[in-house]
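Chain residues, written in single-letter form:
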Amino acid sequence: MKKLIFLIALTTIFASCKKKYNCRCNTTIIFSNVGFQSTYLSKNVPMNEKMTKKQAVAVCAHEAININNTYTNYITNNGNWSSNGLNPSTICSIE
């Protein structure tokens, strides 16, 4: 019984350990006016801090929002121009 409790405690400790994750992003810009699309892949760079998987997923999802906003701001000159049918879509996932 003591061994079982020790094993459960040990498993819980290792399961909740923080580790470094990588966030890989893929941005697709669709040119709807001409029916063309371009795809851009990000570098697979490890995150600076150790974190739980749940935290890493949240950071990676926030990165997708930031990248998408950056492309949108670039295409529209920070909202001063029309997007002219250019639609960026970014998807990020942890590795």
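This text follows the structure it describes.
Fair warning: this is a prediction, and the values are worked out from it, not measured in the lab. (Residues numbered from 1 in each chain as written. Predicted model: local features only at pLDDT ≥ 70, side-chain atom pairs only at ≥ 80, totals over all residues. Heavy atoms only, no water.)

Draft legend 1. Here's a closer look at the state of the cysteines. This model, assessed by the stated rule, comprises two disulfides. Through a disulfide, Cys23 is tied to Cys60; the S-S separation comes to 1.9 Å. Across the S-S bond linking Cys23 and Cys60, the dihedral sits near 85 degrees, which makes this disulfide right-handed. With Cys23 in strand 1 (residues 22-31) and Cys60 in helix 2 (residues 53-76), the pair connects residues that are 37 residues apart, well separated along the chain. (Disulfide = S-S within 2.5 Å. Helix = DSSP H or I, 4+ residues; strand = E, 2+ residues; numbered from the N terminus.)

Draft legend 2. Inspection of the environment of Ser42 at higher detail. By secondary structure assignment, the location of Ser42 is in the loop between strand 2 (36-41) and strand 3 (45-46). Given a relative accessible area of 23%, Ser42 falls into the partly exposed group. Sequence separation of Ser42 and Cys25 is 17 residues, and the distance between their C-alpha atoms is 5.3 Å. Setting aside residues no more than four positions away along its own chain, Ser42 makes contact with Cys23, Arg24 and Cys25. (Buried < 20%, exposed > 50% of the residue type's maximum accessible area, 1.4 Å probe, protein only. Contact = heavy atoms within 4.5 Å.)

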